[in-house]
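Notes for the structure review
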Amino acid sequence: MPLTQRRRCACLVAAAAIATAATTAAVAQTAPTGDAAPTTSAAAQPAPASDDAQTTPPGMERYDHPVYRDGRLILWHGAWRDRVKPKDQGQSPKDQAQGPKDQRQTAAVPAPAKPSPNSFVLLADPSDACATRLAADFVAAMQAGGASGKILAGGVSAAALGAAVEGDRADLAIAPLDALVADPQASAVWRERAPFIAKLSGEPIEIIAARDVADLRQLAGREVGFGPADSADATSAAALFNALGVAPRPAYEPLADALNDLAAGRLAAVVAVDGRCAPTLAQFGADRRFHELAVRWTPALRSVYAPARLTAKDRPNLIDAAERIDTVAAPRALIALDAAPGSSRAQAAAALTKTFFAGFDRLLVPDKDGAWRDVNLAAEAPWPRLRAAQEWIDAARPASDPSLQTFRAVAHDAASADGGPAAQDSDRLYDSLMQWRGAGQ
Amino acid sequence: MPFLLKSVTGLFTGVALGAVSLAYWPQVQPATVAARPVVEQPQPVARSAPDALEKSALDKLALALRDAQPNAAPAADGPTRGLALTATNVDFSAPSDDARRLRAQGLVALAGGDVAAARAFLERAADAGDARALLVLGDAYDPGTLTRLGAIGVKGDESRARDYYQRANDAGLAAARQRIAATEILQ
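Residues numbered from 1 in each chain as written. Chains lettered and ligands numbered in written order. Predicted model: local features only at pLDDT ≥ 70, side-chain atom pairs only at ≥ 80, totals over all residues.

**Let's talk about the overall build of chain B**
A tally of helices and strands in chain B yields eight helices and one strand. In sequence order, chain B lays out its α and β elements as α-β-α-α-α-α-α-α-α. Residues classed as buried in chain B amount to 43% of the 187 residues present. A separation threshold of at least 6 residues defines the contact pool for chain B, and within that pool the share at least 24 residues apart is 53%. (Helix = DSSP H or I, 4+ residues; strand = E, 2+ residues; numbered from the N terminus. Buried ≥ 20, exposed ≤ 12 C-beta atoms within 10 Å, placed from the backbone. Contact = placed C-beta atoms within 7 Å.)

Structural data, given as structure tokens:
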């Protein structure tokens, strides 16, 4: 073997050794923190029954899942606990941790210290750059208001929210509302337990495809990049295609990888919900082989989606100068996790809500994301609101006059009809608005 | 043999360097991150401070141009993303059922306080030929209307509101004159 080749081999072996060691160390560092997505690691699997039978002390049993607080692992899987400790299934994990004193004394593992009432962990999707930015703004504003908060990077699908609640890992989340509202199963589980605090600005859903794909329906049965599993992109993409009655085959991978696969012809299209904040997408398509597909708003989308529009100014590589692409905006909301009415977590969320609402103006300054300026804290959503949030809004609003109440009643009536507001409702609603506006002039 | 020796020496040097690096590797917890220092902050794409300044200058220019051309469309990059200009050469004489349905949806959203969604629906309705949607769009941007509606946080845009009222007036809606007069009184 020539000298240069032998040296190269030696360097490669050294590099491989370093890489292996670094990987091992990184895994060791990251393993205790866990992830909000359902874990499949060996640490989270129940221990074999035979092992337990041999080693379990009398009257004790193992925790069957790791327990996190403020994103830190405080009780690992396999820790012993008192088998005789009653477990109230109706209580939230935090309620159970803060149970009666005599029960805590008998537990093998002491309950964690009660956190400050104004401390929180906010769950946000790390692959959603816009949500991450909003989360950072939110935490900074809350800290300025005297609260103490951290961001937990994790999935925000219904399953991932369930994992976060199960592990007691987060108090709040920035979550896509479309999947929660549209999915009857998710809605049944979360409607009471995850009330929204504020509806956030929606983000246009972008579907990028090769120019020979002219219509969304051509994506049926073909592989489409949905973003990472449990991400906001994947959740909203699944909900949207389901609402439109189109069934592509989802490919779960990060946006950058999906765009590479699209360019290589391995994917038929890519869905992106955080395109506004994704530089990868801004640079994609310079060869003009791809374009944005239109998502036409139909009454089938009315319950959660609003129209949105993209122009060449948004995507110069994907939209022609004179072209306007109609799409829909995916709704997001700040929700309180595991905060059923009357629970201690709802009380904690109430304190956080007051801090957030009272300091909302801190988010309306130039160094914060401009999407905050589209947020009306009083905006309604097809989802229950945290009671404390509604009470704060009611107290902050001016007393509504009867004509405004009439306008709202007419709107509620039209929205409640089968199929939503119809063309014939438009003039009734308009007249009602004119009466209200006229009454104040 | 010397070559092999050098290669082995290189291997051990590499491993040693790697071990030293790992010893001083910073302890990070990727799942629990502090707000700003740890979470990767993407480069601002829209509405950063310089953009805002530039936008302000553009808005002023657009306003000046609109004064010269009363029927011109409002500035494109407004406070609500995803909304483009409503078309200017639209036939408002006979709005379609689709246009009226979009107006109805926009009014429902406005009544519920979802101002961003209301603006989006009404833009579509106006584009589809619904003149009344232009007037309601003016209301959806009118700071006075938003205050009376009980909106908290979202701000109005008086110049946009006036522009939509003007376009509604140009489309033949007499009620728009009252709105224009009201905004002039407030100026």
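From this point, the narrative continues.
**What to know about the nonpolar core**
Soluble globular proteins: nonpolar side chains tend toward being buried together. Residue and element names in this part refer to chain A. If you look at the biggest cluster of nonpolar residues, it comprises 160 residues, and the most contacted ones within it are Leu122, Leu161, Leu172, Ala173, Ala269, Ile335 and Leu337. For this core, the two domains that each supply at least three residues are domain 2 (119-395) and domain 3 (400-439). Sequence-distant contacts of Ile335, defined by excluding residues within four places in its chain, comprise Leu172, Ala173, Ala175, Ala194, Pro195, Phe196 and Ile197. (Core = buried A, V, L, I, M, F, W, Y, C linked by C-beta atoms within 7 Å. Domains from an automatic or database assignment.)

**Some thoughts on unusual backbone geometry**
All names here are of chain A. Within the chain, Asp168 stands out as a residue other than glycine whose phi angle is a positive 55°. For Asp168, the location among the structural elements is in the loop between helix H6 (158-166) and strand S7 (172-176). In this structure, Asp230 takes a positive phi of about 70° despite not being glycine. Tracing the backbone shows Asp230 in the loop between strand S10 (223-225) and helix H9 (232-244). Asp230 sits in the buried class, given 24 other C-beta atoms within 10 Å.

**Let's talk about the confidence of the model for chain B**
Averaged over all residues, the pLDDT of chain B is 69; the fraction at 70 or higher stands at 52%. For this predicted complex, the interface confidence score (ipTM) comes to 0.74, while the overall pTM stands at 0.70. (pLDDT = per-residue confidence, 0-100.)

**As for the packing of helix H5 (residues 131-141) of chain B against helix H7 (residues 158-170) of chain B**
All names here are of chain B. At a closest axis distance of 8 Å, the pairing of H5 and H7 adopts a crossing angle of 160°. One finds that H5 runs roughly antiparallel with respect to H7. Considering the relative orientation of H5 and H7, their crossing is left-handed. Taking contact as the criterion, the partners of Ala131, Leu134, Leu135, Leu137, Gly138 and Tyr141 in H5 are, on H7, Arg160, Ala161, Tyr164, Tyr165, Arg167 and Ala168. Residues of the contact of H5 with H7, tallied by class, amount to nine nonpolar, one polar and two charged. (Axes fitted to C-alpha atoms, helices over the stretch in contact; angles between N-to-C directions. Parallel < 35°, antiparallel > 145°, perpendicular 65-115°, else oblique. Left-handed = near helix turned anticlockwise from the far one by under 90°. Nonpolar A, V, L, I, M, F, W, Y, C, P; charged D, E, K, R; others polar.)

**Comments concerning the sheet that holds S10(A)**
All names here are of chain A. Strand order in the open sheet made by the five strands is S11-S10-S12-S9-S13, with mixed pairing throughout. Because the sheet does not close on itself, it has two edges, and the strands there are strand S11 (249-251) and strand S13 (290-292). Recorded for the sheet is a direction-independent mean angle of 30° between the axes of neighbouring strands. Strand direction decides the pairing type here: S10 and strand S12 (residues 269-272), joined by two bridges, are parallel. Of the residues in S12, the one forming a bridge with Val224 is Ala269. Helix-sheet contacts for helix H10 (residues 255-263) involve strand S9 (206-210), S10, S11, S12 and S13, and the interaxial angle to S12 is about 155°. (Pairing = 2+ DSSP bridges.)

**Topic: the environment of Ala378(A)**
Residues and elements named next belong to chain A. Mapped onto the elements of the fold, Ala378 is located in the loop between helix H12 (344-358) and helix H13 (387-396). With 26 C-beta atoms counted inside 10 Å, the residue Ala378 sits in the buried group. Residues Ala378 and Asp394, 16 residues apart in the sequence, show an inter-C-alpha distance of 8.6 Å.

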